[in-house]
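# Examination of the molecular architecture
One letter stands for each residue in the lines below.
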Amino acid sequence: TWTIPTGPLPTMSEGHASRDIESWLKLYRINGIGPSSFHKLLHAFNNSPALALTASEAQWRQAGLNSRQIKPLSERNPDPSADLRWLEAEDHHLVLFGDPAYPALLTEIANPPPLLFVRGDISILTHPQLAMVGSRNPTRGGLENARAFANHLAGSGLGITSGLAIGVDGASHEGALDANGLTIAVAATGLDQVYPARHRKLADRIAASGAIVSEFPIGVRPQAENFPRRNRIISGLSMG
């Protein structure tokens, strides 16, 4: 285990475009440093990405990194400016692993995301949630069932968490919204874009009363390998 940081999270909306936030984003954007490697570095360098970025090769190896990961780390040249610009909007947030706003349930999955980009209300991330996902090409009955289940559950006070995809996912979000309930969409892209594009209005509705979440930096476009990563966050946020 490692000691997670405590205290209030500095965010751009609070006027704290600090070196610490930039260090988190720079380390996060380095090719080859995924969640597992990021957590190794947090553990080895006292939860300080800034210290991890300026360490020696010997220290990186001692932290458990291999040559493939060390090479891009030694170059230290990722640019987080797009992320920082995105954070300037009032409803855009960055939640770091270990912050009080980071969902406790999400820490229990394997390799939890070191940070979360959030559009909307970050407090909703800790609200009791159920995940609803399914086919992108359901029958009409499947769509109606998904919408009805989500509507009833959200009306009972549970949040509905899904993946913003066409089909069952979209119907689940819509059912929750129609009940004036809470819903969270977990994206497989950077939050500067909406995928699929046809769900842009739905995404706006979700962000207005709930939240859209992603572990992917700004500018990341849809890639097949990112959808299973998205799914683990849906499961991690939810009670069932």
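Placed above this text is the structure.
Starting from 1, residues in each chain are numbered consecutively following that chain's sequence as written. At least 70 in pLDDT is required for a residue's local features to be given in this predicted model, at least 80 for side-chain atom pairs to be given and counted, and no such filter applies to totals for whole chains, interfaces and linings, which use all residues. Hydrogens and water molecules were not included; the side-chain quantities draw on all heavy atoms of the structure.

## Overview of the packing of aromatic side chains
Here the aromatic set is Phe, Tyr and Trp, taking the six-membered ring for Trp, and pairing holds for ring centres within 6.5 Å; pairs whose planes are under 30 degrees apart are stacked, those over 60 apart are edge-to-face, and all others are tilted. Evaluation of the coordinates by the stated rule reveals five aromatic pairs. Aromatic pair Trp 86 and Phe 117: ring centres 5.9 Å apart, planes at 75°, arrangement edge-to-face. Here Trp 86, found in helix H6 (residues 81–86), pairs with Phe 117, found in strand E2 (residues 115–120); they are 31 residues apart in sequence, far enough to count as distant. Grouping residues by exposure puts Trp 86 and Phe 117 together as buried. Between Phe 97 and Tyr 102 the ring centres are 5.1 Å apart and the planes differ by 70°, which places this aromatic pair in the edge-to-face class. No difference in accessibility class separates Phe 97 from Tyr 102, as the two residues are buried. Members of the aromatic cluster, joined through ring pairs, are Trp 24, Tyr 28 and Phe 38. We count a stretch as a helix when DSSP gives it H or I for four or more residues in a row; a strand needs E for two or more, and each element gets its number in order from the N terminus. Buried residues are those whose accessible area, probed at 1.4 Å on protein chains only, stays under 20% of the maximum for their type, while exposed residues exceed 50% and partly exposed ones sit between those limits.

## Points about the sheet that holds strand E1 (residues 92–96)
Strands were regarded as paired on the criterion that DSSP finds at least two bridges between them. Spatially, E1-E2-E6-E5-E4-E3 is the arrangement adopted by the six strands of the open sheet, whose pairing is mixed. The open sheet has two edge strands, E1 and strand E3 (129–131), and neither has a second partner. Between one strand and the next, the sheet's axes are offset by a mean angle of 25°, whatever the strand orientation. Against the sheet, helix H10 (residues 226–237) engages E3, strand E4 (159–162) and strand E5 (183–186), with an angle of about 155° to E5. Axis angles are defined between N-to-C directions and span 0 to 180 degrees, where every axis is a line fitted to C-alpha atoms and, for a helix, only to the segment in contact. Contacts are assigned to residue pairs with any non-hydrogen atoms lying within 4.5 Å of each other.

## Notes on the pattern of salt bridges
By convention in these notes, a salt bridge is any Lys or Arg side-chain nitrogen within 4 Å of a carboxyl oxygen on Asp or Glu. Here the structure, examined in full by the defined rule, presents eight salt bridges. The closest approach of N and O atoms between Arg 147 and Glu 174, which form a salt bridge, is 2.9 Å. Here Arg 147, found in helix H7 (residues 140–155), pairs with Glu 174, found in helix H8 (residues 168–178); they are 27 residues apart in sequence, far enough to count as distant. The partly exposed category is assigned to Arg 147, whose relative accessible area is 30%. Taking the relative accessible area as the measure of exposure, Glu 174 reaches 24% and is therefore partly exposed.

## Details of helix H5 (residues 67–75)
Restricting attention to buried positions, one finds in H5 the residues Gln 69, Ile 70, Pro 72 and Leu 73. For H5, the N-terminal cap is Asn 66; the gap from its side-chain oxygen to the backbone nitrogen of Arg 68 is 3.1 Å. Of the residues trailing H5, Arg 76 is marked for its positive phi of about 50°. By the criterion applied in these results, polar contacts are pairs of N or O atoms within 3.5 Å in which, for protein atoms, one can donate a hydrogen and the other can accept it, and in which residues neighboring in sequence qualify only through two side-chain atoms.

## A few points about the side chain of Asp 99
For Asp 99, the location among the structural elements is in the loop between E1 and E2. Of the side chains with opposite charge, Arg 232 lies nearest to the buried Asp 99, which makes no salt bridge, at 17 Å. Within the local environment of Asp 99, its side chain forms a polar contact with the backbone nitrogen of Ala 101, the two atoms lying 2.9 Å apart. Charge assignment: positive for Lys and Arg, negative for Asp and Glu; neither His nor the chain ends contribute.

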